[in-house]
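# Summary of structural features
So you can see what is in the structure, the chains are spelled out below.
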Amino acid sequence: MLKNTLSIIGEYILFLKKVFSKPDKSKIFFKKLLFEMESMGIGSMLIVSIVSIAMGSVITTQTAMQIESSWIPSWTVGFVSRTSIVMELCPTIISLLLVGNLGSRITAEIGSMRVTEQIDALEVMGINPASYLVLPKVLAAMVVNPILIIFSIFFALVGGYLTVLITGCITPYHFMDGLTYCFRPYDIFYAVTKTFVFAFVMSSVAAFYGYRIDGGALELGKANTQGIVVSSFIILILNVLITQIML
Amino acid sequence: MIEVNNICKYFGEKQVLFDVNTTFEEGKVNLIIGRSGSGKTVLLKCLVGLFTPESGVVLYNGRSFHDLPDKDKHALRAEMGMVFQGSALFDSMTIEENVMFPLDMFTEMSLEEKRERVNFCLERVDLHNVNKLYPAELSGGMQKRAAFARGIACNPRYLFCDEPNSGLDPKTALLIDELVVDITHDLNITTVVNTHDLNSVITIGETISFIYEGHLQWRGNKDNVLTSDNELLNDFIYAQPLTQRIRQNL
Ligand SMILES: Nc1ncnc2c1ncn2[C@@H]1O[C@H](COP(=O)(O)OP(=O)(O)OP(=O)(O)O)[C@@H](O)[C@H]1O
Ligand SMILES: [Mg+2]
């Protein structure tokens, strides 16, 4: 088991070395990069915004419910909601959502290219398939995911505000007060940094599991599951580490 | 010229190639023949470096392919064209983009020139009006031919074809055979073709390597393939009633 894990880690590192080698043709590389950014960004925007609004609504309601005491000022609700949304919910939960959405798409795409020998065809032509296929995806995810997270934070806050507005659990004025209370830009930086690292893990692990498939379509499903489980696991561990380092 | 010296290939415990020795000559159509599962595809993939043999070497004009530094390997591969048994067309690209792909990667041609070259190659494999279609929209035989067009787009110095005419009707199969011969002779390239199509064997095989269960059993050419006294080869060639009848008339 341990030996197996170590050999997979070694394989992954060698894979990364192949991915991060100079692209064969930079013009084609940038074309692919833009294409990936567009398809990842636009493809995930809707689901990210819906989930974010729902998340913001729930966390605001829960916070308001627990702070129903006259000792605690009512702007606390906005303050606490904002802090959880910016620092944990959006970067981590949405990154995990994107593992299921973008990550599994990457595994499926690369994996089916492996199964149908398209990767071999690239290799024979003298093209580095890892760099040609995977590098644009990894870089695109590292650019697009942080942007998605910024949007997600915005939508979650909007979701919270709407909830306050509709349910009237506290006054919207107090909620807004809390949202802006003691705002630290560093929190955003922390969130974006986390997302950036998670995006790298998500895309490279997903591509790795697709790339190393040996066999047929049955393997593809297995690789997909493995990719999702492993990258979620790594993301959650890194979440702890980054938090210890940055906060 | 490509020389194969004492190649052994294993998958786990299972040995698939046993000490294969053979030579593929420049300017000639070199065939690898053998029954299904005999190891033709594995041998071809060892030639192009998709598989690394456990022992033995593949020499391209005297230089061992597997020992080349990465840069030289890439340069050599840019001169290779390969047609996979399963076509291996890029399914996210149209046929035109597929055939144009090696040109995009390795030439500085203008779009106009590339289009012209693509159309020329598609014309040669008798494919018309498919430029804007995706591989999934083509029949198996058409995919095969598109893959062939992609293989020859860059005027390779080494052409590898894994059963280029399996799944084609007899007439189109002939067309591909003729094309293989023409290209090989016109450009003086080294062509290696896997096949179990007997018609190809007796018409285009300028050298023939017969593989049986991973062993090289016989080497010769189209002129002596029908008259050899190798029993395994004769079993392979004269397996069908049609060829048995030919044998009676020899
Ligand atoms: N990736 C692989 N892993 C394990 N065994 C393999 C692999 N590829 C091929 N083999 C085995 O190697 C042997 C030779 O296979 P190969 O594909 O070379 O046959 P072939 O001569 O090309 O047959 P066909 O004419 O049907 O294409 C087969 O027994 C096959 O099971
Ligand atoms: Mg085969």
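Residues numbered from 1 in each chain as written. Chains lettered and ligands numbered in written order. Predicted model: local features only at pLDDT ≥ 70, side-chain atom pairs only at ≥ 80, totals over all residues. Heavy atoms only, no water.

### Considerations on empty space enclosed by the protein
Counting across every chain of the model gives two cavities of 30 Å³ or more. Estimates place the volume of the largest cavity at around 140 Å³. What lines the largest cavity is a set of 16 residues, and nearest its centre among them are Met 125 of chain A together with Met 80, Gly 81, Met 82 and Arg 150 of chain B. Those elements that provide at least two residues to the lining of the largest cavity are α4 (118-124) of chain A together with β6 (80-83), α3 (95-106) and α5 (140-152) of chain B. Here the lining of the largest cavity takes three residues from β6 of chain B, the largest share from any one element. Taken together, the residues of the lining of the largest cavity sort by class into eleven nonpolar, two polar and three charged. Each of domain 1 (2-79 + 156-249) and domain 2 (88-152) of chain B gives at least three residues to the lining of the largest cavity. The computed volume of the second largest cavity comes to approximately 50 Å³. Lining the second largest cavity are Pro 23, Asp 24, Lys 25, Ile 28, Phe 29, Lys 32, Ser 131, Tyr 132 and Pro 136 of chain A together with Met 105 of chain B. Breaking the lining of the second largest cavity down by element, the ones donating at least two residues are α2 (26-66) and α5 (129-167) of chain A. When its residues are assigned to classes, the lining of the second largest cavity shows six nonpolar, one polar and three charged. (1 Å grid on protein atoms, 1.4 Å probe; cavity = no way out; pocket = protein on both sides within 12 Å on 5 of 7 lines; lining within 4 Å. Points joined across faces, edges and corners; volume = space filled by probe spheres on them. Helix = DSSP H or I, 4+ residues; strand = E, 2+ residues; numbered from the N terminus. Nonpolar A, V, L, I, M, F, W, Y, C, P; charged D, E, K, R; others polar. Domains from an automatic or database assignment.)

### Let's talk about the coordination of the magnesium ion (ligand 2)
Residue and element names in this part refer to chain B. Of the protein atoms, only Thr 41 (OG1) and Gln 85 (OE1) coordinate the magnesium ion (ligand 2), at distances of 1.9 to 2.3 Å. One end of the pair, Thr 41, is in helix α1 (residues 40-47); the other, Gln 85, is in the loop between β6 and α3, with 44 residues separating them in the sequence. Overall, Thr 41 belongs to the partly exposed group, its relative accessible area being 23%. (Donors = N, O, S within 2.8 Å, 3.2 Å for Na, K, Ca; no water. Buried < 20%, exposed > 50% of the residue type's maximum accessible area, 1.4 Å probe, protein only.)

### Considering the site of ligand 1
Residues and elements named next belong to chain B. Within the structure, ligand 1 sits among 14 residues, and Ser 36, Gly 37, Lys 40, Thr 41 and Gln 85 are positioned closest to it. Ser 36 places a polar side-chain atom, nitrogen or oxygen, 2.6 Å from an oxygen atom of ligand 1. One of the side-chain N or O atoms of Thr 41 is found 2.6 Å from an oxygen atom in ligand 1. Summarising the interface, the protein chains cover 67% of the accessible area of ligand 1, which totals 630 Å² for the free molecule. Elements that contribute at least two residues to the shell around ligand 1 include exactly β2 (14-24) and α1. Sort the elements by how many residues they give to the shell around ligand 1 and α1 lands first, with three residues. Among the residues making up the shell around ligand 1, the classes are represented as three nonpolar, seven polar and four charged. (Near = heavy atom within 4 Å. Polar contact = N/O pair within 3.5 Å; in protein donor to acceptor, adjacent residues only side chain to side chain. Areas by Shrake-Rupley, 256 points an atom, 1.4 Å probe, with all protein chains shown as cover.)

### Concerning helix α6 (residues 172-180) of chain A
One full turn of an α-helix is made of 3.6 residues, so residues set three or four places apart face in the same direction. Residue and element names in this part refer to chain A. Those residues of α6 that fall on the buried side of the exposure criterion are Phe 175, Gly 178 and Leu 179. Buried residues of α6, viewed axially, fall in a sector of 105°; they line one side. Projecting away from the buried face of α6 at angles above 90 degrees are the exposed residues Tyr 173 and Thr 180. As for α6, its buried residues are in contact with α2, α3 (75-115) and α5. Following α6 by one or two positions, Cys 182 adopts a phi angle in the positive range, close to 55°. (Arc of directions from axis to C-beta. Contact = heavy atoms within 4.5 Å.)

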